[in-house]
Amino acid sequence: MKIGIVCYPTFGGSGVVATELGKALAASGHQVHFITYSQPARLDFFSENLYYHEVTISKYPLFDFPPYELALASKLVDVVRFEKLDLLHVHYAIPHASAAFMAKQILATYGIHIPVVTTLHGTDITLVGKDASYSPVVTFSINQSDGVTAVSHNLKEETLSYFDVTREIRVIPNFIDLDRFSLKPRQHFKQAIAPGDERILVHTSNFRKVKRTTDVIRIFKKVQEKVPSKLLMVGDGPERTAAEQLSRELGVANDIRFLGKQDAIEEILSVSDLFIIPSGSESFGLAALEAMACKVPVISSNTGGLPELNVNGVTGFLSDVGDVDSMANNAIHILEDNTRLEQFKEAALERAKDFKLANIMPLYEQYYQEVIDSVQQNA
Ligand code: GMT
């Protein structure tokens, strides 16, 4: 198949899923065309089946707000026509699904009926999408897509409850490349972080409010009172300053390392004992899956799609959003006993295997074919 992929090219979860999916599809023989405003972060090598088309936006002085959606729609028309694509797969509804709709209408005037699949990732529905300033467009463009996927059953239900969606939504969860995300021997790094053989807790995110990064610091403070430990905070974003400030106020700053944005997350996860993700909302929790693939159990909130990944009492524990005491007690329960910690680590890896790339990519391929067949029948 010749597949066009539209995504945010930055480090966010939706861009990572889109890029990894495109790379895997290309490796299995499909021709994949990425169409974005800059080179996706993880698209950093040459492959004969991978193409990149940059969307350039005119900076005409009249435009206080350059119309990215129009530039994207024009680029989609161009790439579909000249590369003869079979399907467009857009990740994150805003503004990709509506740009794809516009491109689809224009292409129809050339007699081309391009199937469009939209994947909903979470904040495009739970935060931004349901905002009144976007919701009519989000509803319309979901319904006008030829296929719609959501990354968890919970996100599917949320979408159906927020929007008047008539289109069937297929659940295809996030996936993990176990070749990249696996436990690597990094004893020297572990020794440098925890010279007294302390336990290592880790949190990775974009430090947005929804991630509740200050809860991570509060949980760590309580854990540290019972189990000698260190905390690695990976990523950057608006809440980082508040988290750093709180760690000073609570007197735990010397045991926390803020590492900023890191590419080789798997190296950091490889030295970690416990992953903390207390999010206020999380459609799937790709960061938790990455941790589990590196044998790191998960302390999470019980919101969104997290219960579909983290098995309570087996791969980690689930608590109500904001229940820092429960999360800390669960973390202590796992960390205070070597045998128990090892059981949780093994179980985390076993669960992660359910989401391995080889299991999930065929679900997309099969869905693409269904959507292409149905568009052809109706053309
Ligand atoms: O987590 C973020 O804020 C980034 C966000 C994104 O759209 O890039 O991630 C969302 O999509 C990921 C991939 O499908 C999911 O694993 C994340 O759970 C989801 N984030 C939220 O729902 C907050």
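Predicted, not measured: the structure shown is a model, and the values here were computed from it.

**Quick look at the site of the ligand**
Argument step 1. If you check the shell around the ligand, you find 19 residues, and the closest are Ser 14, His 121, Asn 174, Lys 211 and Glu 282.
Argument step 2. Side-chain polar atom of Lys 211 to an oxygen atom of the ligand: 2.7 Å apart, as the coordinates give it.
Argument step 3. Glu 282 places a polar side-chain atom, nitrogen or oxygen, 2.6 Å from an oxygen atom of the ligand.
Argument step 4. Across the complex, the protein chains shield 95% of the 490 Å² of accessible surface that the ligand would expose by itself.
Argument step 5. If you count residues domain by domain, the shell around the ligand takes at least three from each of domain 1 (2-175 + 357-378) and domain 2 (187-353).

**Quick word on the nonpolar core**
Argument step 1. If you look at the biggest cluster of nonpolar residues, it comprises 69 residues, and the most contacted ones within it are Leu 269, Phe 275, Leu 289 and Tyr 368.
Argument step 2. The residues contacting Leu 289, other than those within four sequence positions of it, are Asn 174, Phe 175, Ile 176, Phe 284, Leu 309, Ala 352 and Phe 355.

**Some points on the pairing of strand β4 (residues 87-91)**
Argument step 1. Burial runs high along β4: five of the five residues are buried.
Argument step 2. Judged by which residues are buried, β4 turns out to be covered on both faces: Leu 87, His 89 and His 91 on one side and Leu 88 and Val 90 on the other are all buried.
Argument step 3. As paired elements, strand β1 (residues 2-6) and β4 share four bridges and run parallel to each other. Bridged to Val 6 within β4 is Val 90.
Argument step 4. One ladder, built from four bridges, connects β4 with strand β5 (residues 116-120); its direction is parallel. Residue pairing in the sheet places His 89 in a bridge with Val 117 of β5.
Argument step 5. In the classification by handedness, the crossover that spans β4, the intervening helix α3 (residues 93-108) and the parallel β5 is right-handed.

**Quick word on the environment of Met 292**
Argument step 1. Within the secondary structure, Met 292 sits in helix α11 (residues 286-293).
Argument step 2. Excluding its chain neighbours within four sequence positions, the residues that come into contact with Met 292 are Val 298, Leu 309, Thr 315, Ala 348, Leu 349, Arg 351 and Ala 352.

**A few points about the domain arrangement of the protein chain**
Argument step 1. Splitting the protein chain by domain gives domain 1 (2-175 + 357-378) and domain 2 (187-353).
Argument step 2. Centre-to-centre, using C-alpha coordinates, domain 1 lies 31 Å away from domain 2.
Argument step 3. If you look at the interface, domain 1 gives 18 residues, while domain 2 gives 12 residues.
Argument step 4. Summed over both sides, the interface between domain 1 and domain 2 buries roughly 1,100 Å², with carbon and sulfur atoms accounting for 56% of that surface.

**Observations regarding the UniProt feature "domain: Glycosyl transferase family" (unreviewed entry) in the protein chain**
Argument step 1. Per the UniProt record, "domain: Glycosyl transferase family" (unreviewed entry) is found at residues 188-349.
Argument step 2. This span, residues 188-349, is 41% helix and 18% strand, and a straight line between its end C-alpha atoms measures 23 Å.

**A look at the side chain of Asp 273**
Argument step 1. Along the chain, Asp 273 falls in the loop between α10 (265-269) and β11 (274-277).
Argument step 2. Look at Asp 273 and you get buried, because its relative accessible area is 4%.
Argument step 3. In this structure the side chain of Asp 273 is engaged in a polar contact, spanning 2.9 Å, whose partner is the side chain of Lys 345.

**Thoughts on a nonpolar patch on the surface**
Argument step 1. On the surface, Tyr 60, Leu 62 and Phe 63 cluster together into a nonpolar patch covering about 340 Å² of accessible area.
Argument step 2. On the secondary structure map, Leu 62 appears in the loop between β3 (50-54) and α2 (68-83).

**Some remarks on the environment of Tyr 52**
Argument step 1. Examined against the element boundaries, Tyr 52 turns out to sit in strand β3.
Argument step 2. The class for Tyr 52 is partly exposed, based on a relative accessible area of 25%.
Argument step 3. Taking the C-alpha atoms as reference, Tyr 52 lies 9.5 Å from Ile 5; in sequence the two are 47 residues apart.
Argument step 4. Ignoring any residue separated from it by four or fewer positions in sequence, one finds Tyr 52 in contact with Phe 34, Thr 36, Tyr 37, Ser 38, Gln 39, Pro 40 and Leu 43.
Argument step 5. Engagement of the side chain of Tyr 52 in a polar contact is seen with the backbone nitrogen of Ser 38, the distance being 3.4 Å.
Argument step 6. Here Glu 54 takes part through its side chain, which lies 2.9 Å from a polar atom of the side chain of Tyr 52.

How each quantity is defined
Residues numbered from 1 in each chain as written. Predicted model: local features only at pLDDT ≥ 70, side-chain atom pairs only at ≥ 80, totals over all residues. Heavy atoms only, no water. Near = heavy atom within 4 Å. Polar contact = N/O pair within 3.5 Å; in protein donor to acceptor, adjacent residues only side chain to side chain. Areas by Shrake-Rupley, 256 points an atom, 1.4 Å probe, with all protein chains shown as cover. Domains from an automatic or database assignment. Core = buried A, V, L, I, M, F, W, Y, C linked by side-chain atoms within 4.5 Å. Buried < 20%, exposed > 50% of the residue type's maximum accessible area, 1.4 Å probe, protein only. Contact = heavy atoms within 4.5 Å. Helix = DSSP H or I, 4+ residues; strand = E, 2+ residues; numbered from the N terminus. Pairing = 2+ DSSP bridges. Right-handed = clockwise from strand over helix to strand, strands pointing away. Buried area = accessible area lost by both parts, 1.4 Å probe. UniProt positions renumbered as here; feature names shortened; annotations may be inferred. Patch = residues over 30% accessible without salt bridge, like charges linked within 9 Å, V, L, I, M, F, W, Y side chains within 5 Å. Salt bridge = Lys/Arg side-chain N within 4 Å of Asp/Glu carboxyl O.

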